[in-house]
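# Coordinate inspection notes
Below are the chains, spelled out letter by letter.
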Amino acid sequence: MAARRAELVGELRVSGRKPYTFLTAGERAADAFDEGTLARLRELKRARDPQGVFRANFPVDA
């Protein structure tokens, strides 16, 4: 299964980064998004969810 997952991730890397939904333990949102995109996501998170109601396994603000 791990080999198939690695193969899929390799095929899905259209931006040179790992798809966000394929991150695994020990990885961060920064492994999936470039610096500019991550900055915009962090800005949106602060503006739209200041109390941190919405959570993810790989938070953009970490």
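In this text, all values refer to a predicted model and were calculated from it rather than measured experimentally. (Residues numbered from 1 in each chain as written. Predicted model: local features only at pLDDT ≥ 70, side-chain atom pairs only at ≥ 80, totals over all residues. Heavy atoms only, no water.)

### What to know about helix α2 (residues 35–48)
Taking 1.5 Å of rise per residue, 14 residues should cover 20 Å, and α2 covers 20 Å from first to last C-alpha, within 8% of that figure. The N-terminus of α2 is capped by D34, whose side-chain oxygen sits 3.1 Å from the backbone nitrogen of G36. (Helix = DSSP H or I, 4+ residues; strand = E, 2+ residues; numbered from the N terminus. Expected span 1.5 Å × (residues − 1). Polar contact = N/O pair within 3.5 Å; in protein donor to acceptor, adjacent residues only side chain to side chain.)

### Some remarks on the layout of surface pockets
In this approach, a probe sized like a water molecule rolls over the atoms, and the result shows the empty space that is left. If you add up the space inside the largest pocket, you get close to 170 Å³. Around the largest pocket, the lining residues are Y20, L41, L44, K45, F54, R55, A56, F58, P59, V60 and D61. Tallied by class, residues from the lining of the largest pocket come to eight nonpolar, no polar and three charged. (1 Å grid on protein atoms, 1.4 Å probe; cavity = no way out; pocket = protein on both sides within 12 Å on 5 of 7 lines; lining within 4 Å. Points joined across faces, edges and corners; volume = space filled by probe spheres on them. Nonpolar A, V, L, I, M, F, W, Y, C, P; charged D, E, K, R; others polar.)

In short, the description is geometric, and any link to function would need to be established separately.
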